[in-house]
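Secondary and tertiary structure notes
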Amino acid sequence: MPPVVATVEGIRQAVGDARRRGLTVGLVPTMGALHAGHLSLCRAARAETGFVVATIFVNPTQFGPNEDFARYPRQLEIDRELCGQAGVDAIFAPAVPTMYPANFHTFVEVLDLSAGLCGASRPGHFRGVTTVVLKLFNIVGADTAYFGQKDFQQARLIRQLVHDLNVPLQVQICPIVRESDGLAMSSRNQYLDPTQRRHAVALYQALQAAQRTIEEGERDPEAIRGLLVRRIEDTPGAILDYAAVVDADRLQPLPRLHGEVLLALAVKFGATRLIDNILVQVRAEQRPMK
Ligand code: AMP
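Residues numbered from 1 in each chain as written. Predicted model: local features only at pLDDT ≥ 70, side-chain atom pairs only at ≥ 80, totals over all residues. Heavy atoms only, no water.

So, about the pattern of salt bridges. Across all of its chains, the model carries 11 salt bridges by this definition. The partner of R20 in a salt bridge is D17, and the shortest N-O contact between them spans 2.8 Å. Of this pair, R20 and D17 both sit in helix α1 (residues 8–20), three residues apart, which is roughly one turn of that helix. Notably, a salt bridge pairs R156 with D249, separated by 3.2 Å at the nearest N-O pair. Of this pair, R156 sits in helix α7 (residues 152–164) while D249 sits in the loop between β7 (238–247) and β8 (259–269); the two residues are 93 residues apart in sequence, bridging distant segments of the chain. Judged by its relative accessible area of 13%, R156 is buried. D249 gets classed as partly exposed once you look at its relative accessible area, which sits at 47%. (Salt bridge = Lys/Arg side-chain N within 4 Å of Asp/Glu carboxyl O. Helix = DSSP H or I, 4+ residues; strand = E, 2+ residues; numbered from the N terminus. Buried < 20%, exposed > 50% of the residue type's maximum accessible area, 1.4 Å probe, protein only.)

Strand order across the open sheet formed by six strands is β1-β4-β3-β2-β5-β6, with parallel pairing between neighbours. Looking at the sheet topology across the chains shown, the edges are occupied by β1 (4–5) and β6 (170–174). Strand direction decides the pairing type here: β1 and strand β4 (residues 90–92), joined by two bridges, are parallel. Note on β4: the bridge partner recorded for V4 is I91. (Pairing = 2+ DSSP bridges.)

Take the packing of aromatic side chains next. Inspection of every chain in the model, using the stated rule, returns six aromatic pairs. Their ring planes at 35 degrees and their centres at 6.3 Å tell us that F57 and Y100 sit as a pair that is tilted. With F57 in the loop between β3 (51–56) and α3 (76–85) and Y100 in the loop between α4 (96–99) and α5 (117–121), this residue pair connects regions lying 43 residues apart in the sequence. Residue classification places F57 among the buried residues on the basis of a relative accessible area of 6%. Here the aromatic rings of F63 and F69 are separated by 5.4 Å at their centres, their planes lie at 65 degrees, and the arrangement is edge-to-face. Each residue in the set F57, Y100, F104 and F107 is aromatic and connected to the rest through ring pairs, giving one cluster. (Phe/Tyr/Trp six-rings, centres within 6.5 Å; stacked < 30°, edge-to-face > 60°.)

Attention now goes to the domain arrangement of the protein. By a frequent convention, interface size equals the accessible area lost on bringing the separate parts together. Entries for the protein in the domain assignment read domain 1 (4–174) and domain 2 (187–279). For domain 1 versus domain 2, the separation of C-alpha centres amounts to 26 Å. Of the residues lining the interface, 20 residues belong to domain 1; the matching set on domain 2 comes to 19 residues. Between domain 1 and domain 2 lies a buried interface of about 1,800 Å² when both sides are counted; carbon and sulfur atoms form 52% of it. Summed over the three residues of domain 1 that lose the most area to domain 2, namely R71, L117 and F152, the buried surface amounts to 32% of that side. Joining domain 1 to domain 2, the criterion identifies two salt bridges. Taking the shortest distance from any N to any O, the salt bridge between R188 and D68 comes out at 2.8 Å. Where domain 1 touches domain 2, the interface holds nine residue pairs in polar contact (both at pLDDT 80 or more). Where the side of domain 1 that touches domain 2 is concerned, the elements lending two or more residues are α5 and α7. (Domains from an automatic or database assignment. Contact = heavy atoms within 4.5 Å. Buried area = accessible area lost by both parts, 1.4 Å probe. Polar contact = N/O pair within 3.5 Å; in protein donor to acceptor, adjacent residues only side chain to side chain.)

Structure below.
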(Lines give C-alpha, C1' and ligand atoms only; values in the text may rest on other atoms or scores of the structure.)
Protein backbone atom coordinates (compact mmCIF):
# COMPACT_ATOMS: atom_id res chain seq x y z
CA MET A 1 0.00 0.00 0.00
CA PRO A 2 1.28 3.52 -0.76
CA PRO A 3 2.66 5.52 2.17
CA VAL A 4 0.50 8.38 3.48
CA VAL A 5 2.62 11.50 3.85
CA ALA A 6 1.24 14.45 5.83
CA THR A 7 4.09 16.97 5.63
CA VAL A 8 5.37 19.17 2.81
CA GLU A 9 8.96 18.12 3.52
CA GLY A 10 7.95 14.44 3.49
CA ILE A 11 6.26 14.51 0.07
CA ARG A 12 9.06 16.65 -1.41
CA GLN A 13 11.55 14.06 -0.19
CA ALA A 14 9.57 11.17 -1.72
CA VAL A 15 9.31 13.02 -5.05
CA GLY A 16 12.99 14.00 -4.89
CA ASP A 17 13.98 10.36 -4.38
CA ALA A 18 11.84 9.35 -7.40
CA ARG A 19 13.45 12.06 -9.53
CA ARG A 20 16.93 10.85 -8.57
CA ARG A 21 15.83 7.43 -9.83
CA GLY A 22 15.06 9.11 -13.16
CA LEU A 23 11.27 8.92 -12.84
CA THR A 24 8.76 11.48 -14.12
CA VAL A 25 6.07 12.53 -11.66
CA GLY A 26 2.27 12.51 -12.03
CA LEU A 27 -0.12 14.30 -9.67
CA VAL A 28 -3.80 13.49 -9.01
CA PRO A 29 -5.43 16.05 -6.69
CA THR A 30 -8.58 14.79 -4.92
CA MET A 31 -10.69 15.38 -1.84
CA GLY A 32 -10.80 11.63 -1.14
CA ALA A 33 -13.86 9.35 -0.78
CA LEU A 34 -12.42 7.86 -3.92
CA HIS A 35 -14.51 6.21 -6.63
CA ALA A 36 -13.85 4.86 -10.12
CA GLY A 37 -13.68 8.43 -11.54
CA HIS A 38 -10.75 9.35 -9.31
CA LEU A 39 -9.14 5.98 -9.94
CA SER A 40 -9.30 6.50 -13.72
CA LEU A 41 -7.13 9.60 -13.18
CA CYS A 42 -4.69 7.58 -11.06
CA ARG A 43 -4.51 4.90 -13.76
CA ALA A 44 -3.90 7.52 -16.46
CA ALA A 45 -1.08 8.94 -14.32
CA ARG A 46 0.25 5.40 -13.74
CA ALA A 47 0.32 4.75 -17.50
CA GLU A 48 2.06 8.02 -18.39
CA THR A 49 4.41 8.84 -15.50
CA GLY A 50 6.94 6.97 -13.37
CA PHE A 51 5.91 8.10 -9.88
CA VAL A 52 2.27 8.83 -9.06
CA VAL A 53 1.26 11.10 -6.18
CA ALA A 54 -2.44 11.27 -5.25
CA THR A 55 -3.40 14.03 -2.86
CA ILE A 56 -6.33 13.71 -0.46
CA PHE A 57 -7.31 17.00 1.09
CA VAL A 58 -10.80 18.29 1.84
CA ASN A 59 -10.00 21.91 1.13
CA PRO A 60 -11.92 24.23 3.49
CA THR A 61 -11.39 27.37 1.36
CA GLN A 62 -13.46 25.99 -1.53
CA PHE A 63 -16.56 25.36 0.60
CA GLY A 64 -19.10 28.10 1.28
CA PRO A 65 -20.32 28.73 4.85
CA ASN A 66 -23.52 26.70 4.27
CA GLU A 67 -21.91 23.90 2.27
CA ASP A 68 -20.92 20.37 3.27
CA PHE A 69 -17.31 20.79 4.47
CA ALA A 70 -17.96 19.26 7.90
CA ARG A 71 -19.92 16.26 6.60
CA TYR A 72 -17.89 15.65 3.42
CA PRO A 73 -17.01 11.91 3.50
CA ARG A 74 -13.54 11.10 4.87
CA GLN A 75 -12.25 7.51 4.56
CA LEU A 76 -8.46 7.59 4.39
CA GLU A 77 -7.80 3.88 5.01
CA ILE A 78 -10.24 2.77 2.29
CA ASP A 79 -8.81 5.39 -0.08
CA ARG A 80 -5.31 4.13 0.62
CA GLU A 81 -6.32 0.61 -0.37
CA LEU A 82 -7.96 1.89 -3.59
CA CYS A 83 -4.91 4.01 -4.42
CA GLY A 84 -2.74 0.92 -4.01
CA GLN A 85 -4.92 -0.98 -6.50
CA ALA A 86 -4.69 1.92 -8.98
CA GLY A 87 -0.88 2.00 -8.83
CA VAL A 88 -0.41 5.19 -6.77
CA ASP A 89 3.10 5.44 -5.28
CA ALA A 90 2.49 7.97 -2.51
CA ILE A 91 -0.48 9.78 -0.95
CA PHE A 92 -0.13 13.34 0.24
CA ALA A 93 -2.81 13.94 2.90
CA PRO A 94 -1.95 17.10 4.81
CA ALA A 95 -3.88 18.45 7.80
CA VAL A 96 -5.66 21.79 7.33
CA PRO A 97 -3.06 23.83 9.33
CA THR A 98 -0.29 22.39 7.12
CA MET A 99 -1.94 23.92 4.05
CA TYR A 100 -3.36 27.00 5.81
CA PRO A 101 -1.19 27.98 8.78
CA ALA A 102 -2.36 30.85 10.97
CA ASN A 103 -0.30 33.40 8.99
CA PHE A 104 -1.76 32.49 5.57
CA HIS A 105 -2.61 35.55 3.43
CA THR A 106 -2.43 34.69 -0.30
CA PHE A 107 -5.08 33.58 -2.79
CA VAL A 108 -4.96 33.22 -6.57
CA GLU A 109 -8.00 33.86 -8.71
CA VAL A 110 -8.63 33.23 -12.41
CA LEU A 111 -10.74 36.19 -13.46
CA ASP A 112 -13.74 36.09 -15.84
CA LEU A 113 -13.69 32.32 -16.43
CA SER A 114 -14.55 31.78 -12.77
CA ALA A 115 -17.52 34.17 -12.78
CA GLY A 116 -20.29 32.09 -14.42
CA LEU A 117 -21.71 28.57 -14.02
CA CYS A 118 -20.56 27.09 -10.68
CA GLY A 119 -18.71 30.32 -9.85
CA ALA A 120 -22.00 32.21 -9.85
CA SER A 121 -23.71 29.68 -7.54
CA ARG A 122 -20.73 29.17 -5.24
CA PRO A 123 -19.06 32.54 -4.53
CA GLY A 124 -15.39 32.10 -3.58
CA HIS A 125 -15.38 28.40 -4.52
CA PHE A 126 -12.96 28.66 -7.43
CA ARG A 127 -10.65 31.03 -5.57
CA GLY A 128 -10.25 28.23 -3.02
CA VAL A 129 -9.78 25.59 -5.73
CA THR A 130 -7.16 27.47 -7.75
CA THR A 131 -5.27 28.45 -4.59
CA VAL A 132 -5.07 24.93 -3.23
CA VAL A 133 -4.23 23.45 -6.63
CA LEU A 134 -1.39 25.94 -7.16
CA LYS A 135 -0.10 25.08 -3.68
CA LEU A 136 -0.19 21.37 -4.56
CA PHE A 137 1.63 22.06 -7.83
CA ASN A 138 4.34 23.98 -5.91
CA ILE A 139 4.60 21.38 -3.17
CA VAL A 140 4.75 18.27 -5.37
CA GLY A 141 6.53 19.64 -8.45
CA ALA A 142 4.92 17.17 -10.85
CA ASP A 143 5.43 16.89 -14.63
CA THR A 144 1.77 16.19 -15.34
CA ALA A 145 -1.39 16.76 -13.29
CA TYR A 146 -4.62 14.88 -13.98
CA PHE A 147 -8.13 16.32 -13.66
CA GLY A 148 -11.60 15.10 -14.63
CA GLN A 149 -13.91 16.61 -17.23
CA LYS A 150 -16.64 16.08 -14.60
CA ASP A 151 -15.56 19.45 -13.16
CA PHE A 152 -15.19 21.09 -16.57
CA GLN A 153 -15.02 24.70 -15.39
CA GLN A 154 -12.46 23.77 -12.73
CA ALA A 155 -10.27 22.05 -15.32
CA ARG A 156 -10.60 25.03 -17.68
CA LEU A 157 -9.54 27.42 -14.88
CA ILE A 158 -6.56 25.27 -13.96
CA ARG A 159 -5.37 25.19 -17.58
CA GLN A 160 -5.61 28.99 -17.58
CA LEU A 161 -3.77 29.28 -14.25
CA VAL A 162 -0.94 27.08 -15.53
CA HIS A 163 -0.70 29.15 -18.71
CA ASP A 164 -0.95 32.58 -17.09
CA LEU A 165 1.43 31.90 -14.18
CA ASN A 166 3.95 29.85 -16.22
CA VAL A 167 3.57 26.76 -14.06
CA PRO A 168 6.00 24.17 -15.51
CA LEU A 169 3.51 21.30 -15.73
CA GLN A 170 1.18 19.61 -18.23
CA VAL A 171 -2.54 19.39 -17.49
CA GLN A 172 -4.40 16.26 -18.64
CA ILE A 173 -8.19 16.16 -18.63
CA CYS A 174 -9.75 12.69 -18.39
CA PRO A 175 -13.28 11.60 -19.44
CA ILE A 176 -16.21 11.42 -17.02
CA VAL A 177 -16.67 7.98 -15.46
CA ARG A 178 -20.35 7.07 -14.98
CA GLU A 179 -22.47 4.59 -13.06
CA SER A 180 -24.17 1.94 -15.21
CA ASP A 181 -27.33 4.10 -15.57
CA GLY A 182 -25.28 7.11 -16.67
CA LEU A 183 -25.07 9.14 -13.41
CA ALA A 184 -21.64 10.77 -13.24
CA MET A 185 -19.69 9.31 -10.34
CA SER A 186 -19.25 11.71 -7.45
CA SER A 187 -18.29 11.45 -3.80
CA ARG A 188 -21.54 13.32 -3.12
CA ASN A 189 -23.75 10.62 -4.71
CA GLN A 190 -23.65 8.79 -1.36
CA TYR A 191 -25.73 11.61 0.17
CA LEU A 192 -28.69 10.70 -2.11
CA ASP A 193 -31.55 8.62 -0.72
CA PRO A 194 -32.74 5.74 -2.98
CA THR A 195 -35.51 7.83 -4.61
CA GLN A 196 -33.19 10.78 -5.29
CA ARG A 197 -30.56 8.35 -6.60
CA ARG A 198 -33.08 6.93 -9.09
CA HIS A 199 -34.01 10.41 -10.33
CA ALA A 200 -30.42 11.72 -10.40
CA VAL A 201 -29.84 10.08 -13.79
CA ALA A 202 -32.04 12.89 -15.17
CA LEU A 203 -28.97 15.15 -15.48
CA TYR A 204 -27.22 12.87 -17.95
CA GLN A 205 -30.46 12.02 -19.77
CA ALA A 206 -31.23 15.72 -20.21
CA LEU A 207 -27.71 16.41 -21.50
CA GLN A 208 -27.98 13.50 -23.94
CA ALA A 209 -31.38 14.71 -25.17
CA ALA A 210 -29.89 18.18 -25.72
CA GLN A 211 -26.94 16.68 -27.59
CA ARG A 212 -29.29 14.68 -29.86
CA THR A 213 -31.30 17.81 -30.60
CA ILE A 214 -28.13 19.63 -31.65
CA GLU A 215 -27.10 16.67 -33.79
CA GLU A 216 -30.51 16.85 -35.48
CA GLY A 217 -29.72 20.42 -36.51
CA GLU A 218 -30.89 22.79 -33.73
CA ARG A 219 -28.46 25.73 -33.47
CA ASP A 220 -30.40 28.06 -31.15
CA PRO A 221 -28.72 27.98 -27.71
CA GLU A 222 -31.90 29.16 -25.96
CA ALA A 223 -33.89 26.27 -27.44
CA ILE A 224 -31.30 23.84 -26.09
CA ARG A 225 -31.19 25.54 -22.70
CA GLY A 226 -34.99 25.46 -22.57
CA LEU A 227 -34.93 21.73 -23.22
CA LEU A 228 -32.44 21.18 -20.36
CA VAL A 229 -34.50 23.33 -17.98
CA ARG A 230 -37.75 21.51 -18.83
CA ARG A 231 -36.19 18.08 -18.41
CA ILE A 232 -34.95 18.99 -14.91
CA GLU A 233 -38.22 20.72 -13.96
CA ASP A 234 -40.04 17.50 -14.93
CA THR A 235 -37.84 15.41 -12.61
CA PRO A 236 -39.36 14.72 -9.16
CA GLY A 237 -37.28 16.22 -6.33
CA ALA A 238 -34.89 18.04 -8.68
CA ILE A 239 -34.26 21.77 -8.22
CA LEU A 240 -32.34 23.41 -11.05
CA ASP A 241 -29.31 25.47 -10.01
CA TYR A 242 -28.24 26.28 -13.58
CA ALA A 243 -28.43 24.99 -17.12
CA ALA A 244 -25.71 26.37 -19.40
CA VAL A 245 -25.09 26.15 -23.13
CA VAL A 246 -21.79 27.97 -23.67
CA ASP A 247 -18.64 28.13 -25.76
CA ALA A 248 -16.36 25.52 -24.16
CA ASP A 249 -13.27 27.73 -24.27
CA ARG A 250 -14.61 31.09 -23.09
CA LEU A 251 -17.50 29.64 -21.03
CA GLN A 252 -19.69 32.38 -22.52
CA PRO A 253 -23.04 32.18 -24.32
CA LEU A 254 -23.03 32.07 -28.12
CA PRO A 255 -25.57 33.72 -30.44
CA ARG A 256 -25.72 30.51 -32.50
CA LEU A 257 -24.11 27.17 -31.69
CA HIS A 258 -20.86 26.29 -33.43
CA GLY A 259 -17.47 24.84 -32.57
CA GLU A 260 -16.91 23.17 -29.20
CA VAL A 261 -19.99 23.70 -27.05
CA LEU A 262 -20.35 22.84 -23.36
CA LEU A 263 -23.74 21.66 -22.12
CA ALA A 264 -23.64 21.83 -18.32
CA LEU A 265 -26.10 21.29 -15.49
CA ALA A 266 -26.08 21.82 -11.75
CA VAL A 267 -29.07 20.35 -9.94
CA LYS A 268 -29.98 19.98 -6.29
CA PHE A 269 -31.72 16.99 -4.77
CA GLY A 270 -32.47 18.13 -1.22
CA ALA A 271 -29.17 19.51 0.11
CA THR A 272 -27.11 17.53 -2.42
CA ARG A 273 -25.82 19.48 -5.40
CA LEU A 274 -24.86 17.43 -8.47
CA ILE A 275 -23.13 18.61 -11.64
CA ASP A 276 -22.65 17.02 -15.04
CA ASN A 277 -21.73 18.09 -18.56
CA ILE A 278 -21.27 16.99 -22.16
CA LEU A 279 -19.03 18.52 -24.80
CA VAL A 280 -20.51 18.69 -28.29
CA GLN A 281 -18.63 19.43 -31.50
CA VAL A 282 -21.07 21.51 -33.52
CA ARG A 283 -20.69 21.83 -37.28
CA ALA A 284 -21.21 25.27 -38.79
CA GLU A 285 -24.72 25.92 -40.12
CA GLN A 286 -25.30 25.20 -43.80
CA ARG A 287 -26.35 28.44 -45.51
CA PRO A 288 -29.31 27.82 -47.84
CA MET A 289 -28.25 27.95 -51.53
CA LYS A 290 -29.56 30.98 -53.40
P1 AMP B 1 -12.86 15.71 -6.12
O2 AMP B 1 -12.37 14.69 -5.17
O3 AMP B 1 -14.35 15.76 -6.28
O4 AMP B 1 -12.24 17.07 -5.88
O5 AMP B 1 -12.34 15.28 -7.56
C6 AMP B 1 -10.97 15.07 -7.78
C7 AMP B 1 -10.72 14.91 -9.26
O8 AMP B 1 -11.45 13.78 -9.74
C9 AMP B 1 -11.19 16.12 -10.08
O10 AMP B 1 -10.24 16.38 -11.10
C11 AMP B 1 -12.50 15.64 -10.63
O12 AMP B 1 -12.86 16.27 -11.84
C13 AMP B 1 -12.21 14.17 -10.86
N14 AMP B 1 -13.46 13.42 -10.93
C15 AMP B 1 -14.49 13.45 -10.03
N16 AMP B 1 -15.50 12.68 -10.45
C17 AMP B 1 -15.13 12.16 -11.66
C18 AMP B 1 -15.76 11.29 -12.61
N19 AMP B 1 -16.98 10.80 -12.41
N20 AMP B 1 -15.06 10.96 -13.72
C21 AMP B 1 -13.81 11.45 -13.92
N22 AMP B 1 -13.17 12.27 -13.08
C23 AMP B 1 -13.82 12.63 -11.96
